[in-house]
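This is what each chain is made of:
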Amino acid sequence: QVQLVVPMAVVFGPGSVPGDLPRPLPFRDVQEMEISVNLRTSVTSRYEMRYRSTTSQEEAALAAATAREADAALYPLQDTTLGSLTMYVVPETSSLLPQGIDVYVGKHRSALVRAGGSLAALQARLREVAQVMSFTASSIAAALSERVPDGQLSPDARRNLKSSLGYEITFSLLNPDPKSHTVDWDIEGAVNRFVKPVLDKLSLVANFSVDSQILYYAVLGVTPRYDKESSSFLLSAHSLPHVINPVEARLGSSAASLYPVLNFLLYVPERSHSPLYIQDKDGAPVSTNAFHSPRWGGIMVYNVEGPASPQASLPLHVDVDMARVMEVFLAQLRLLFGLSWEEVPPEFLLESPGNEGLADWELDHLLWAHTVENIATVSTTLTSLAQLLDKIGNIVIKDDVASEVYRAVASVQSAVTELSLGHLLAAFQASKEAVTSSERAFFDPSLLHLLYFPDDQKFAIYIPLFLPMAVPILLSLAKIVRETRLRKKEPTKMD
């Protein structure tokens, strides 16, 4: 049984304290909610709230002109521990929040919340904000998707990447018509400028490696439809799944990879199929001219303007606008990790994370989900190993395998304990160690050859060797037995 504890500080600004507080500030309160996964498994979420008034420094910060300035001024004053949240309650008449907006979620681990009149209304709003900034029932169900019955899982729950110790990101430029186009892209500069800040922040979650390649004569494998009205070629939504397999055969990046590979493809259409546009299910053009495939990556079509005159010499030189391309690829990367803002209520205003690519609370959101998923993975791995050892009676368990199992059990117990104390980072690191140890134990080479060498295979191997030798021995034994019996039957001669 896993208990997820979120430490929360609820700070009341001047004029925002509800009139029905049960006791004077400061005081503590606890709210619990049970997230049911299946008939046997449930996760308890526990919000430990500390109610208090603002300090003089926080009052000065809340007097800023805009919510963004207030968030920046409050950041040095708040608890920045991973998994913790700080909610600043402002009066209903406050000008910090725009009209129609009740909650402003900043780039760090704090939010500005408009007072809701009564304490019960405020607590309901605070719980909603806390779920957005930490974990929801759907994000926990997505993390434990292997254990959730199929009918109870939303279609989007299986779209996110599975938790892994590492990921490999491959950027590929596909130029199917090098005779017509010479394409230059500054991929190294773009990765350093746009991708590296995001991966630096995600380095807590996993290890990342980035590589790039240019593939020539690599076509999509689907013939686009020509549209006379727009004088362009169109790829409809139902044909997009058929694009990936022919392209993936050319990528060659996932064959020798230990970790999941995320593919981001920039496709420059051949001259005979330009310009090429992607349509959505309703037949409308996609604004980004790109699409993504869950747990795989994304493809962006980059159209090139035709030559100004028919006599222009080929190939045309093309410089790719990497800022426009990376904006799309980073949005797809967020979708792959499940960091979309689609579930956020309309009265919430979320601050853009800027160059960092994801806010501090979004990093916590990932850590909560991956910690729970790692604990479930270790449980499944060790259960499978135990069942396997029960089936194979003559298997030998070496000391190093046993020590890895003990280490995995100790680490997963430590992760559960740290979660119940509200220590997210320590819990996540313990869960990673548990996954590493359980995988080492399960895939230990000393167990593998016994897995594929059961008793029936022993008979199949040894019978052809021993049967030719056994036949003359058995015949000789039979002859000896027969002669012994005959000798006993013969009457003994008496002198």
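This one's a predicted model, so the numbers in the text were calculated from it and none came from an experiment.

The rules behind each value
- Residues numbered from 1 in each chain as written.
- Predicted model: local features only at pLDDT ≥ 70, side-chain atom pairs only at ≥ 80, totals over all residues.
- Heavy atoms only, no water.
- Helix = DSSP H or I, 4+ residues; strand = E, 2+ residues; numbered from the N terminus.
- Rg over C-alpha atoms; globule rule 2.2 N^0.38 Å.
- Buried < 20%, exposed > 50% of the residue type's maximum accessible area, 1.4 Å probe, protein only.
- Contact = heavy atoms within 4.5 Å.
- Lys, Arg positive; Asp, Glu negative; His and termini not counted.
- Charge placed at Lys NZ, Arg CZ, Asp CG, Glu CD.
- Phe/Tyr/Trp six-rings, centres within 6.5 Å; stacked < 30°, edge-to-face > 60°.
- Pairing = 2+ DSSP bridges.
- Axes fitted to C-alpha atoms, helices over the stretch in contact; angles between N-to-C directions.

Asker: I tried to follow the overall build of the protein on my own but got confused; where do I start?
Answerer: Across its full length, the protein carries twelve helices and 17 strands. On C-alpha atoms alone, the protein measures out to a radius of gyration of 32 Å, which is more than a quarter above the 23 Å that the 2.2 N^0.38 rule sets for 495 residues. Seen through its principal axes, the protein has C-alpha atoms that stretch 135 × 85 × 40 Å. Among the 495 residues that make up the protein, the fraction classed as buried is 45%. At a minimum sequence separation of 6, the contacts of the protein that also span at least 24 residues come to 74%. Taking the average location of the 41 positive side-chain charges in the protein and that of its 55 negative ones, the two points are 11 Å from each other.

Asker: Looking at this structure, how should I read the packing of aromatic side chains?
Answerer: The geometry of an aromatic ring pair is captured by the separation of the ring centres together with the interplanar angle, meaning the angle of the planes. Under the counting rule described, the total for this entry stands at 13 aromatic pairs. Here the aromatic rings of Tyr-167 and Phe-337 are separated by 5.3 Å at their centres, their planes lie at 80 degrees, and the arrangement is edge-to-face. Within this pair, whereas Tyr-167 is found in strand β7 (residues 166–175), its partner Phe-337 is found in the loop between α7 (322–336) and β17 (348–350), the two being separated by 170 residues in sequence. Neither Tyr-167 nor Phe-337 differs from the other in exposure class; each is buried. Members of the aromatic cluster, each reached through a chain of ring pairs, are Phe-12, Phe-27 and Tyr-51.

Asker: Would you take a moment to explain the sheet that holds strand β1 (residues 2–12) for this structure?
Answerer: Strand pairs in the sheet, formed through backbone hydrogen bonds, run parallel or antiparallel to each other. Taken in spatial order, the seven strands of this open sheet run β2-β3-β1-β4-β6-β5-β17, and their pairing is mixed. Of all the strands in the sheet, the pair left with one neighbour each is β2 (27–36) and β17. Taking the axes of each pair of neighbouring strands and ignoring which way they run, one obtains an average angle of 20 degrees across the sheet. Where strand β5 (residues 103–105) lies against strand β6 (residues 110–114), three bridges are found, and the strand directions are antiparallel. Of the residues in β6, the one forming a bridge with Tyr-104 is Leu-112. Packed on one face of the sheet, helix α2 (residues 67–74) meets β4 (85–90), β5 and β6 and runs near 135 degrees to β6. Along the sheet, helix α3 (residues 119–133) makes contact with β1, β2, β3 (42–53), β4, β5, β6 and β17, crossing β6 at roughly 150 degrees.

Asker: For this particular structure, what's the right way to read the environment of Gly-283?
Answerer: Its place among the elements puts Gly-283 in the loop between β13 (276–278) and β14 (290–293). Separated by 49 residues in sequence, Gly-283 and Leu-234 have C-alpha atoms that sit 9.6 Å apart.

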